[in-house]
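Below, each chain spelled out in residue letters.
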Amino acid sequence: MKYIVLGLGHFGQSLATHLTELGHEVIGADLNMELVEQLKDKITHTVCLDSTDKSAVGALPLKDSDAVIVAIGEDEGASLLTTALLKQLGVKRIIGRVVSGLQKTVLEAMNIQEYVMPEEETAERLAMRLDNVDIIDSFKISDNYSIIEMVVPARYAGMSLKEADFTNKYQVIVLTTLKTQIDKKGNQMKVEKEASGIANSHTVLEKDDVLVLFGETSSIKKLIHKSGGI
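Just so it is clear, the model here is predicted, and its values are computed rather than measured.

**Details of unusual backbone geometry**
Right, on to step 1. Its identity is not glycine, yet Asn-111 carries a phi of approximately 65°, on the positive side.
Right, on to step 2. Relative to the elements of secondary structure, Asn-111 occurs in the loop between α5 (101-109) and β6 (114-116).
Right, on to step 3. By relative accessible area, which is 27% here, Asn-111 ends up partly exposed.
Right, on to step 4. Phi is positive for Asp-165, close to 55°, though the residue is something other than glycine.
Right, on to step 5. Following the sequence through the fold, Asp-165 ends up in the loop between α7 (161-164) and α8 (166-170).
Right, on to step 6. You can call Asp-165 partly exposed: its relative accessible area is 26%.

Structure follows, in structure tokens:
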């Protein structure tokens, strides 16, 4: 997949390098030439530009990108102007970085459905979520183990956990399943999740349920891969 990361501060460069390491094509852009030079061998492509300049941003392959992440943190004004510019240019998926409550309010008013608060979500977690559309969230327990939320793969819908047999096949434990409810108000969409209790062998997996998985990160990725993701 192809991603553009605008802003190569600590969060932006971490996100861009993680996505590159995961095998994605990443364009990292920043106004600071020194940062661009430092990262040119760690990210697929780097470019020095002013993200509030319409002609400069318009020259990027926006239509070919799966998402554009506005990772600018220090300058809220530049972050909001960049986001507004991307909306004007018709970017299909924008993920904004939020550093204050006011900025979050403005992004919501601009109908930005996805945003990240670095204090709550690390660049590595966002990279993993972008790496696979079925991953909703993730939490790294250690270097090897993670807890991951993912949509029930279609091939397992209607099966019980005993029938799916994730533990024996992939050495992955299902902690619980989450029921999702989508609340739409105008152009805004809010997804709420409710845990269905501790999972057991009789738990039935339903379409659109979310699995909360625990195991080695490599084992969980193997499950996702075999289920049609990644």
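From this point, the discussion proceeds with the structure in view.
**Quick notes on the sheet that holds strand β2 (residues 25-30)**
Right, on to step 1. An order of β3-β2-β1-β4-β5-β6 is seen for the six strands of this open sheet, with the pairing classed as parallel. Strand pairing shows two members of the sheet lacking a second neighbour, β3 (45-48) and β6, which therefore form its edges. Mean inter-strand twist for the sheet, computed between neighbouring axes without regard to direction, equals 20°.
Right, on to step 2. Sheet topology note: the strand β1 (residues 2-6)/β2 ladder contains five bridges and is parallel. In the sheet register, Tyr-3 faces β2, and the bridge partner there is Val-26.
Right, on to step 3. In this fold helix α4 (residues 76-88) packs onto β1, β4 (67-70) and β5 (94-97), with an angle of close to 160° to the strand it touches most, β4.

**Section: a positive patch on the surface**
Right, on to step 1. A cluster of basic residues, Arg-155, Lys-169, Lys-222 and Lys-226, forms a positive patch on the protein surface.
Right, on to step 2. Considering the arrangement of structural elements, one finds Lys-169 in helix α8.

**Observations regarding the side chain of Thr-82**
Right, on to step 1. Residue placement: Thr-82 occurs in helix α4.
Right, on to step 2. The residues touching Thr-82, leaving out its near neighbours within four places in the chain, are Leu-6, Ser-51, Thr-52, Val-70 and Ile-72.

**Notes on the packing of helix α1 (residues 10-21) against helix α6 (residues 123-131)**
Right, on to step 1. Look at α1 against α6: their axes get within 8 Å of each other, and the N-to-C directions meet at 40°. As far as their axial angle goes, α6 and α1 are oblique. Crossing angle aside, the handedness with which α1 passes α6 is right-handed. Contacts between α1 and α6 pair Phe-11, Ser-14, Leu-15, His-18 and Leu-19 from the former with Ala-123, Glu-124, Leu-126, Ala-127 and Leu-130 from the latter.
Right, on to step 2. In terms of residue class, the contact of α1 with α6 is built from seven nonpolar, two polar and one charged.

The rules behind the values
- Residues numbered from 1 in each chain as written.
- Predicted model: local features only at pLDDT ≥ 70, side-chain atom pairs only at ≥ 80, totals over all residues.
- Heavy atoms only, no water.
- Helix = DSSP H or I, 4+ residues; strand = E, 2+ residues; numbered from the N terminus.
- Buried < 20%, exposed > 50% of the residue type's maximum accessible area, 1.4 Å probe, protein only.
- Pairing = 2+ DSSP bridges.
- Axes fitted to C-alpha atoms, helices over the stretch in contact; angles between N-to-C directions.
- Contact = heavy atoms within 4.5 Å.
- Patch = residues over 30% accessible without salt bridge, like charges linked within 9 Å, V, L, I, M, F, W, Y side chains within 5 Å.
- Areas by Shrake-Rupley, 256 points an atom, 1.4 Å probe, with all protein chains shown as cover.
- Salt bridge = Lys/Arg side-chain N within 4 Å of Asp/Glu carboxyl O.
- Lys, Arg positive; Asp, Glu negative; His and termini not counted.
- Charge placed at Lys NZ, Arg CZ, Asp CG, Glu CD.
- Parallel < 35°, antiparallel > 145°, perpendicular 65-115°, else oblique.
- Left-handed = near helix turned anticlockwise from the far one by under 90°.
- Nonpolar A, V, L, I, M, F, W, Y, C, P; charged D, E, K, R; others polar.

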